[in-house]
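Given next are the chains, with one letter for each unit.
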Amino acid sequence: MPPEAETPRSPFLSVEMRGAVALLRLARPEKRNALNEALVTALGAFFAAPPEGARAAVLAGTGAHFSAGLDLADIAAQDATAGVFHSRLWHQAFRHIAEGKLPVIAALHGAVIGGGLELASACHIRVAERSAYYALPEGQRGIFVGGGGSVRLPRLIGLARMTDMMLTGRVFSAEEGQAIGLSNYLVDDGAGLALALDLAAKVAKNAPLTNFAVLHALPRIAESDREGGFLAESLMAAIAAADSEAKSRLRAFLDGRAAKITP
Ligand code: 1HE
């Protein structure tokens with residue numbers, strides 16, 4: 001599908017619209033898409049105010065890797081005060097991804113390391129190619145995760161696995177990543193972007209209120225107490241079902257005009 005619009009915001013991040021799907025690519029292949037402050041800021045700015053027609057996004061790398069993680073040059077001379085604000089900048093940017101307006105599908109290949117894995121974990125669905133591998137070499141570098149990894153990764157793969165990755169430098173292969181839930185889909189090399197774009201196109205067709213509920217209500221309900229969760233679910237369900245979009249979709253099914261669910 002040819003790109004319909006090109007809206008570059010940073011030399012390190014390419015953005016193009018493909019219908020209702022925004023395709024973002026980390027564009028620092030010469031530095032293995034290491035995430036410097038400008039790139040993290042550009043990601044945050046995009047997801048804080050996505051273009052009008054965007055309904056979903058795909059985030060991918062360029063070159064042989066998704067991302068080598070934090071640009072280590074950014075923190076080499078940093079003191080503790082600068083460090084805490086640097087980490088908070090990442091949190092703010094990644095929150096615009098995780099809790100923003102657009103469902104985001106990460107297309108992973110090659111290195112998905114450190115802050116690159118934190119970035120992938122802030123996305124909602126992960127498609128991995130067989131070349132993908134995952135590591136948290138912060139221990140070897142004398143640092144700690146700072147992009148939300150300690151919050152998101154234990155929920156995704158479990159505290160014990162993250163502890164192992166951080167203490168021993170363990171690297172998970174794409175197959176292992178699929179088995180432990182790091183990726184939702186595992187495909188052959190070269191097929192990841194196409195699948196991510198297909199999935200995003202599907203997601204973009206959902207009722208906007210359903211996508212809102214999945215991005216904003218579901219994670220909170222999943223982590224709240226049971227009774228609070230049941231109540232929040234009822235409220236969200238009632239609001240979604242009362243929306244005109246739900247009314248027309250339900251009518252279409254009842255009139256035999258909607259697609260059936262097949263295996
Ligand atoms: C970088 C970075 C980087 C590459 N920061 N410059 N992340 C890491 O500890 C991973 C470090 N990177 C690597 O292990 C390797 O670069 C790769 C396995 C990803 C790729 O290897 P390769 O042989 O293809 O490339 P390269 O020759 O190592 O790197 C090419 C250039 O990118 C080179 O610079 P050049 O000027 O010499 O060409 C590298 O220095 C540069 N480069 N990765 C800066 N990460 C919010 S807290 C998160 C904490 C973390 O993310 S810790 C994990 C950091």
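About the cut-offs
Residues numbered from 1 in each chain as written. Predicted model: local features only at pLDDT ≥ 70, side-chain atom pairs only at ≥ 80, totals over all residues. Heavy atoms only, no water. Domains from an automatic or database assignment. Buried area = accessible area lost by both parts, 1.4 Å probe. Salt bridge = Lys/Arg side-chain N within 4 Å of Asp/Glu carboxyl O. Polar contact = N/O pair within 3.5 Å; in protein donor to acceptor, adjacent residues only side chain to side chain. Nonpolar A, V, L, I, M, F, W, Y, C, P; charged D, E, K, R; others polar. Near = heavy atom within 4 Å. Areas by Shrake-Rupley, 256 points an atom, 1.4 Å probe, with all protein chains shown as cover. Helix = DSSP H or I, 4+ residues; strand = E, 2+ residues; numbered from the N terminus. Phe/Tyr/Trp six-rings, centres within 6.5 Å; stacked < 30°, edge-to-face > 60°. Buried < 20%, exposed > 50% of the residue type's maximum accessible area, 1.4 Å probe, protein only. Lys NZ or Arg CZ within 6 Å of the ring centre and 35° of its normal. Pairing = 2+ DSSP bridges. Contact = heavy atoms within 4.5 Å. Axes fitted to C-alpha atoms, helices over the stretch in contact; angles between N-to-C directions. Core = buried A, V, L, I, M, F, W, Y, C linked by side-chain atoms within 4.5 Å. Lys, Arg positive; Asp, Glu negative; His and termini not counted.

J.: How should the domain arrangement of the protein be read in this particular structure?
T.: Interfaces are often sized by the accessible area lost when the parts come together. Each assigned domain of the protein is listed here: domain 1 (5–204) and domain 2 (208–254). At the boundary of domain 1 with domain 2, total buried surface from both sides reaches about 560 Å², with 46% on carbon and sulfur atoms. The largest contributions to the domain 1 side of the interface with domain 2 come from E99, P103 and R155, which together make up 55% of the buried area. Summed over the shared surface of domain 1 and domain 2, the result is two salt bridges. Residue R155 pairs with E223 through a salt bridge whose shortest N-O separation is 2.4 Å. Counting across the interface, domain 1 meets domain 2 through four residue pairs in polar contact (both at pLDDT 80 or more). Of the residues belonging to the side of domain 1 that touches domain 2, the class tally is four nonpolar, two polar and three charged.

J.: How should the site of the ligand be read in this particular structure?
T.: Near the ligand lie 23 residues; those nearest to it are K31, R32, A68, G115 and R141. One of the side-chain nitrogen or oxygen atoms of K31 is found 2.7 Å away from an oxygen atom of the ligand. A distance of 2.9 Å separates a nitrogen atom of the ligand from a polar backbone atom of L70. Bound to the protein, the ligand loses 65% of the 1,000 Å² it would expose on its own. Of all the secondary-structure elements, those providing two or more residues to the shell around the ligand are strand 6 (111–113), helix 3 (115–122) and helix 4 (138–141). Counted by class, the shell around the ligand contains ten nonpolar, six polar and seven charged residues.

J.: Please explain the packing of aromatic side chains as it appears in this structure.
T.: In this description, an aromatic ring pair is defined by two values, namely the gap between the centres and the angle between the planes. By the definition in use, this model includes two aromatic pairs. Ring centres 5.0 Å apart and planes at 85 degrees place the aromatic pair F46 and F47 in the edge-to-face group. Residues F46 and F47 agree in their burial class; the two are buried. Ring geometry for W90 versus F94: centroids 5.4 Å apart, planes at 55 degrees, classification tilted. Of the two residues, W90 and F94 are both situated in helix 2 (residues 80–98); the distance of four residues between them amounts to about one turn of the helix. The pair W90 / F94 is uniform in exposure class, with both members buried. Between R28 and the ring centre of F12, over which it is positioned, the NZ or CZ distance is 5.1 Å.

J.: Help me understand the sheet that holds strand 6 in this model?
T.: In a beta sheet, neighbouring strands are held together by backbone hydrogen bonds and run either parallel or antiparallel to one another. Reading across from one edge, 6-8-9 is the order of the three strands in this open sheet, with mixed pairing throughout. Among the strands making up the open sheet, the edge pair consists of strand 6 and strand 9 (172–173). Examined bridge by bridge, strand 6 and strand 8 (residues 133–135) share three bridges and lie parallel to one another. Each residue of the ladder has a partner; that of I113, found in strand 8, is A135. Running over the sheet, helix 3 touches strand 6 and strand 8 and is turned about 90 degrees from strand 6.

J.: What should I look at first to understand the nonpolar core in this one?
T.: Residues L24, L26, L43, F47, L59, L119 and Y134 are the most contacted members of the largest nonpolar core, which totals 48 residues. One finds V127, A196, L197 and L199 within the second-largest nonpolar core, a separate group that totals 15 residues.

J.: Just to check I follow, could you spell out the pattern of salt bridges for this structure?
T.: Any two side chains of opposite charge can pair, on the condition that their charged atoms come close. One pass over the structure, following the stated rule, counts ten salt bridges. Measuring nitrogen to oxygen at the nearest pair gives 2.8 Å for the salt bridge that ties E16 to R18. Looking at R18, the relative accessible area reads 21%, which means it is partly exposed. Each member of the salt-bridge network shares a partner with another, and the members are R130, E175 and D188.

J.: Honestly, the side chain of E16 in this entry has me stumped. Any pointers?
T.: Following the sequence through the fold, E16 ends up in strand 2 (residues 13–18). Accessibility expressed as a relative area gives 13% for E16, which makes it buried. For E16, the side chain forms a polar contact with the side chain of R18, separated by 2.8 Å.

J.: Help me understand the side chain of E118, please; the structure alone is not making it clear to me.
T.: Of note, E118 is situated in helix 3. It is R152 that comes nearest to the buried, bridge-free E118 among opposite-charge side chains, at 7.0 Å. Within the local environment of E118, its side chain forms a polar contact with the backbone nitrogen of G147, the two atoms lying 2.6 Å apart. Filtering out sequence-adjacent residues up to four positions away, E118 remains in contact with W90, F94, E138, V145, G146, G147, G148 and G149.

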